[in-house]
Amino acid sequence: MEYPKGNRLAGRIMRLKKFFGIFLSLIMVFPFAACDVFKEGGKTSVLWVSQTMETVSDGDETQITFVASDNKFGGYAESGVSGMSDEDTFLSVDLKATAEIPVKVEFVYGSVGDQTVVYSQINIGTEYENYAFRTGNVLSNKSLNKIRLFPSYNAAGGYGILYVKNLTYNDYYLNKFFEVKTVASQDAGENSGNGSGQGDQSGNQGGSGEQQPVVPVTATYLYEKYSQYFKIGMCAGDSDYRNYGDIDGHYNSFTCENEMKLYTIGNNEGQYDYSKADNMLRYMINRGKKIRGHALIWYNGAPQWLTGCRDKQQLLNKIDTYCYNVVKHFKDSFGDSVYCWDVVNEAINDGNGTYRDCFYGVAGIDFIKTAFRAARRADPNAKLFYNDYNMDDRTKRNAVINMLRELINDGVPIDGVGMQAHYAIQGGGVNYETSINNVESAINAFENLAEETGHPLEIHITELDIRNHGNNNAALAQKYKELFEVFRRHSNSITCVTTWGICDAYSWLDNSQGYSGKAYPFLFDEGHNKKAAFDAVFNF
Ligand code: G3I
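What you see is a predicted model; the values in this text were computed from it and never measured.

A separate point is the site of the ligand. Near the ligand, the surroundings consist of 14 residues, among which Glu257, Lys261, Tyr263, His294 and Glu463 are the closest. Glu346 is positioned such that a nitrogen or oxygen atom in its side chain is 3.0 Å from a nitrogen atom of the ligand. Within the side chain of Gln420, one N or O atom sits 3.0 Å away from a nitrogen atom of the ligand. Alone, the ligand offers 790 Å² of accessible surface; in the complex the protein occludes 48% of this. Here the shell around the ligand is composed, by residue class, of five nonpolar, five polar and four charged.

This part covers the pattern of salt bridges. A full pass over the atoms with the stated rule returns 23 salt bridges. Lys369 serves as the salt-bridge partner of Asp410, at 2.9 Å between the closest nitrogen and oxygen. Separated by 41 residues along the polypeptide, Asp410 in the loop between helix 9 (394–409) and strand 24 (416–419) and Lys369 in helix 8 (residues 366–378) bring together distant segments of the chain. We classify Asp410 as partly exposed; its relative accessible area is 37%.

Let's shift gears to the nonpolar core. Judged by nonpolar contacts, the single largest core of 107 residues is most densely connected at Phe330, Trp341, Tyr386, Leu464 and Phe487. Tallying contributions element by element places helix 6 (residues 312–334) first for this core, with nine residues.

Another point: the environment of Gly233. Take Gly233: it is sitting in strand 19 (residues 231–236). Using a relative accessible area of 0% as the deciding quantity, one classes Gly233 as buried. Distance from Gly233 to Phe254, taken between C-alpha atoms, is 5.3 Å for residues 21 residues apart in sequence. With sequence-adjacent residues up to four places away left out, Gly233 is seen in contact with Tyr251, Ser253, Val497, Thr498 and Thr499.

This part covers unusual backbone geometry. Here His294 and Ala295 are connected by a cis peptide whose omega angle stands at 0 degrees. Tracing the sequence through the fold places Ala295 in strand 21 (residues 290–298). Positive phi, normally seen in glycine, also occurs at Tyr520, with a value near 45 degrees. Along the chain, the position of Tyr520 falls in the loop between strand 27 (494–499) and helix 12 (532–538).

In this section: the side chain of Ser512. Secondary-structure assignment places Ser512 in the loop between strand 27 and helix 12. Among the residues examined, Ser512 registers a relative accessible area of 11% and is labelled buried. Side-chain polar atoms of Ser512 contact the backbone oxygen of Trp508, separated by 3.2 Å. Separated by 2.9 Å, the side chain of Ser512 and the backbone oxygen of Leu509 make a polar contact.

Counted according to the given criterion, the structure contains 22 aromatic pairs. With 5.3 Å between their ring centres and 55 degrees between their planes, Phe524 and Phe534 make a pair best called tilted. Of the two residues, Phe524 is situated in the loop between strand 27 and helix 12 and Phe534 in helix 12; the sequence distance between them amounts to 10 residues. Given the relative accessible area of 2%, Phe534 is considered buried. Through a chain of ring-to-ring contacts, three or more aromatic side chains come together here, namely Tyr226, Tyr229, Phe230, Tyr480, Phe484, Phe487 and Phe540. The ring of Phe540 is capped by Lys225, whose NZ or CZ atom sits 5.5 Å from the centre of that ring.

For the rest of this paragraph, the subject is the environment of Met234. Residue position: Met234 is located in strand 19. Here Met234 falls in the buried class, since its relative accessible area comes to 0%. In this structure the C-alpha to C-alpha distance between Met234 and Lys289, which are 55 residues apart in sequence, comes to 9.7 Å.

Our next topic: the layout of surface pockets. If you add up the space inside the second largest pocket, you get close to 480 Å³. Every residue lining the second largest pocket is counted, 23 residues in all, and those nearest its centre are Glu346, Gln420, His422, Trp508 and Gln513. The class makeup of the residues in the lining of the second largest pocket is 10 nonpolar, eight polar and five charged.

The predicted model of the protein has a mean per-residue pLDDT of 70, with 59% of residues at 70 or higher. A low-confidence stretch, residues 1–98 stays under pLDDT 50, and its non-local contacts, those more than four residues away or across chains, total 301 contacts. Under a pLDDT of 50 for its full length, residues 149–219 has, in the predicted model, 268 contacts with residues more than four places off or in other chains.

Attention now goes to the side chain of Ser253. Locating Ser253 in the fold gives a position in strand 20 (residues 253–256). For Ser253, a relative accessible area of 0% puts it in the buried group. A polar side-chain atom of Ser253 sits 2.7 Å from a polar atom in the side chain of Tyr339. Leave out the neighbours within four places in its chain, and Ser253 touches Lys231, Ile232, Gly233, Met234, Lys289, Lys290, Arg292, Tyr339, Cys496 and Thr498.

Each value, and the rule that gives it
- Residues numbered from 1 in each chain as written.
- Predicted model: local features only at pLDDT ≥ 70, side-chain atom pairs only at ≥ 80, totals over all residues.
- Heavy atoms only, no water.
- Near = heavy atom within 4 Å.
- Polar contact = N/O pair within 3.5 Å; in protein donor to acceptor, adjacent residues only side chain to side chain.
- Areas by Shrake-Rupley, 256 points an atom, 1.4 Å probe, with all protein chains shown as cover.
- Nonpolar A, V, L, I, M, F, W, Y, C, P; charged D, E, K, R; others polar.
- Salt bridge = Lys/Arg side-chain N within 4 Å of Asp/Glu carboxyl O.
- Helix = DSSP H or I, 4+ residues; strand = E, 2+ residues; numbered from the N terminus.
- Buried < 20%, exposed > 50% of the residue type's maximum accessible area, 1.4 Å probe, protein only.
- Core = buried A, V, L, I, M, F, W, Y, C linked by side-chain atoms within 4.5 Å.
- Contact = heavy atoms within 4.5 Å.
- Phe/Tyr/Trp six-rings, centres within 6.5 Å; stacked < 30°, edge-to-face > 60°.
- Lys NZ or Arg CZ within 6 Å of the ring centre and 35° of its normal.
- 1 Å grid on protein atoms, 1.4 Å probe; cavity = no way out; pocket = protein on both sides within 12 Å on 5 of 7 lines; lining within 4 Å.
- Points joined across faces, edges and corners; volume = space filled by probe spheres on them.
- pLDDT = per-residue confidence, 0-100.

What follows is the structure, encoded as structure tokens:
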């Protein structure tokens, strides 16, 4: 993908970063093979992304070496490439200290090209009130310590070293491309990572010989496998989102199926019902996921107080107020965990590519511009998307592209386009099949629009499911394989792929749109078991 003129630098750095990142991670692996395996604290093993993390025992000193893999240089400010968002690359570990212990934090410099990268801080605290943590601070044994280690700006290489001891890894998950290496074992009397040289100040001699509890830690997840490509997302509703604890660990992005929609939150003007969404977001954020907000303005189910308004300015004011208040609520409640929004959903008709009449009939394209501007005012960090389906249909796609071009040319704050990706394979009464070439043509078209306008556009695959009423596992696996080959090929523009559900136990496709029976559209079956489609996506 050729970056727009103004961002060729970004493209070169991005390619250099990818090479550097991969090169560094290879280097970082080899020395480990030569290092002594860390003896203290029982069985340990090397763990790094996309490999199996067997066990990491408490009492370990682990050197966390990370190569930022997801540092989407944080967007394109007027003056060119700006620093990356620190939300994109961090390690998040819930640590329960068995004693109050000091932590030694060292940062080293990495670099990409002539840019020196500084890792400035480690944050410990709850998800929302992070504070800087320096060498010598103490990890509490009274509460769970959430450690987030992230670079201060576009980190593309180098490593931060985090020495911890006497800790029980409660729930250790990697959010991005990290490599964790044990270090040659050290006697308890030596510097035990707390910088004092007097052994562990907590009086705990560490390595005292008694067998430390071994905490089996997570196996490898889909999102780890794709950490150098894009986020992997799932969707669920308030009736079932807690049902998937055994498989939702594969995902680092989440979308509420209906609970953040206009008809759920804003059915009555001036009254906002966030109850279902707030519960779901708290649960999923605590399980390490970022949130796609879906969807602020959509004709489907839109309430009368909006659809009944026939005055353009009044309608624009109502849309502005609603979008601002809703985005602000989630920003104030969950910080940057709501990392993007489907601001407007499905404004274009199928077939002829005209605008749907709802809202457009009264306010023209201004209803779309107003919604995006209000969302940006409420949350300057969230990425803002236009979301629609059947983008693999040329007529509809071209209509969407014309609309996006008008928004871009008018300076509307839009960051990306959501391709819903409701696809199908033949069988079980379905007599058509989604063309992979048409899907890639759509992706190319959006990439070309970004190049033509010099305005970067991320692409999210927002609602992927594959109608498969014949329950043909082999054909489904092949279709997912081919789709994810395309998605990986375009991972410079595709930054998230979400399935519109998680397993075959439930899909909106079941008995819908004139098709009877279950649709079997996902990577996991009704019993949450991996299907051949999972293997096709995971093994590449
Ligand atoms: O919650 C009520 C329940 O109280 C009532 O008894 C029941 C019977 O009518 O309806 C329930 O609400 C349903 C809701 O899903 C929750 O199950 C609505 O009728 C039904 O229309 C709604 O369907 C959702 C649909 O969007 C319309 O909002 C589907 O679950 C959801 O998967 C689907 O998702 C959309 C995306 O948001 C946008 N892209 C297309 C995609 C598929 O249509």
